[in-house]
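Remarks on the overall topology
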Amino acid sequence: MTIKDWSTTTSTALRDSWARIINYLPNLIGALVIIVIGVLIANLLKWVVTRLISATGIQRSFDDLQFAKTIKSAGLNSNLAVISGEFVKWVVIILFLIPSASVLGLPQVSDVLDGIIRYLPNVGVAVIIVFFGGLFAEFIGHVVRATGASFGSQTANALSALSRYIIYVFAILS
């Protein structure tokens, strides 16, 4: 192979590379526009969800749960408005990442993200079950404590805690 052949081969490879980059650039710009729009909408929805949950007073009910007290003692964030807002934000971002991955020609990424989105309703239902299970557990715990105390039982607090934790376990496992 001569130097002229190398030169021709190199220039052809460079021209082909530039042609591929130029042809791919509109797809890349389109995907970036989709992602930017998605992030803007996600942040707007996060703000709306945070304000709605803060206005409803659900946080006060959640703060009364033993489960919330345990989360706080572990040093984790137990603000439902912030957690729900972040959840909605990331769901929307993932929803916008699916078409942007398709525009970029990445069907495997789109399939994985689609699988995540299809699984999220299960997570939402599980959170709702745990929340209402916690409310029910606290209610039953108070009923058991009051009933045990009215009978003069010394173990009313222990029975109350046991009943609460049993209901928590069932709520978490379901």
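What this report covers is the structure whose coordinates are included nearby. (Residues numbered from 1 in each chain as written. Predicted model: local features only at pLDDT ≥ 70, side-chain atom pairs only at ≥ 80, totals over all residues. Heavy atoms only, no water.)

**Some thoughts on a nonpolar patch on the surface**
On the surface, a cluster of nonpolar side chains totalling about 1,100 Å² of accessible area is made up of Trp 18, Ile 21, Ile 22, Tyr 24, Leu 25, Leu 28, Ile 29, Leu 32, Val 33, Ile 37, Ile 41 and Leu 45. Within the fold, Ile 22 resides in helix H1 (residues 3-56). Look at Ile 22 and you get partly exposed, because its relative accessible area is 49%. (Patch = residues over 30% accessible without salt bridge, like charges linked within 9 Å, V, L, I, M, F, W, Y side chains within 5 Å. Areas by Shrake-Rupley, 256 points an atom, 1.4 Å probe, with all protein chains shown as cover. Salt bridge = Lys/Arg side-chain N within 4 Å of Asp/Glu carboxyl O. Helix = DSSP H or I, 4+ residues; strand = E, 2+ residues; numbered from the N terminus. Buried < 20%, exposed > 50% of the residue type's maximum accessible area, 1.4 Å probe, protein only.)

**Things to note about the packing of helix H5 (residues 107-150) against helix H6 (residues 156-173)**
The N-to-C vectors of H5 and H6 enclose an angle of 160°; their axes lie 8 Å apart at closest approach. Taken as axis vectors, H5 and H6 run roughly antiparallel relative to one another. The two elements H5 and H6 cross, and the hand of that crossing is right-handed. Here the contact of H5 with H6 is built from residues that sort into 13 nonpolar, eight polar and three charged. (Axes fitted to C-alpha atoms, helices over the stretch in contact; angles between N-to-C directions. Parallel < 35°, antiparallel > 145°, perpendicular 65-115°, else oblique. Left-handed = near helix turned anticlockwise from the far one by under 90°. Nonpolar A, V, L, I, M, F, W, Y, C, P; charged D, E, K, R; others polar.)

**Structural notes on the packing of aromatic side chains**
Under the criterion given, the structure shown has one aromatic pair. Taken together, a centroid distance of 6.1 Å and an interplanar angle of 45° make the contact between Tyr 165 and Tyr 168 tilted. Residue Tyr 165 and its partner Tyr 168 are located together in helix H6, separated by three residues, close to a single helical turn. For Tyr 165, a relative accessible area of 43% gives the class partly exposed. (Phe/Tyr/Trp six-rings, centres within 6.5 Å; stacked < 30°, edge-to-face > 60°.)

**Some thoughts on helix H4 (residues 80-103)**
Taking 1.5 Å of rise per residue, the 24 residues of H4 would be expected to cover 34 Å, and the 35 Å separating its terminal C-alpha atoms lies within 8% of that figure. Where H4 is concerned, the buried positions are Leu 80, Ala 81, Gly 85, Lys 89, Val 91, Val 92, Ile 93, Ile 94, Ile 98, Ser 100 and Ala 101. Trailing H4 by a residue or two, Gly 105 shows a phi angle of about 80°, which is positive. (Expected span 1.5 Å × (residues − 1).)

**Overview of the pattern of salt bridges**
Under the defined criterion, the tally for this structure stands at three salt bridges. A salt bridge links Glu 86 to Lys 46, with the shortest nitrogen-to-oxygen separation between them at 2.5 Å. Placement of Glu 86 in helix H4 and of Lys 46 in helix H1 is noted, with a sequence separation of 40 residues between them. A residue is classified by how much of its surface remains accessible, and Glu 86, at 25% relative accessible area, is partly exposed. Of the charged contacts, one joins Arg 118 and Asp 114 as a salt bridge, the two residues approaching to 2.9 Å between their closest N and O atoms. One end of the pair, Arg 118, and the other, Asp 114, are both in helix H5, four residues apart, so they sit about a helical turn from each other. Residue classification places Arg 118 among the exposed residues on the basis of a relative accessible area of 62%. With a relative accessible area of 27%, Asp 114 lands in the partly exposed category.

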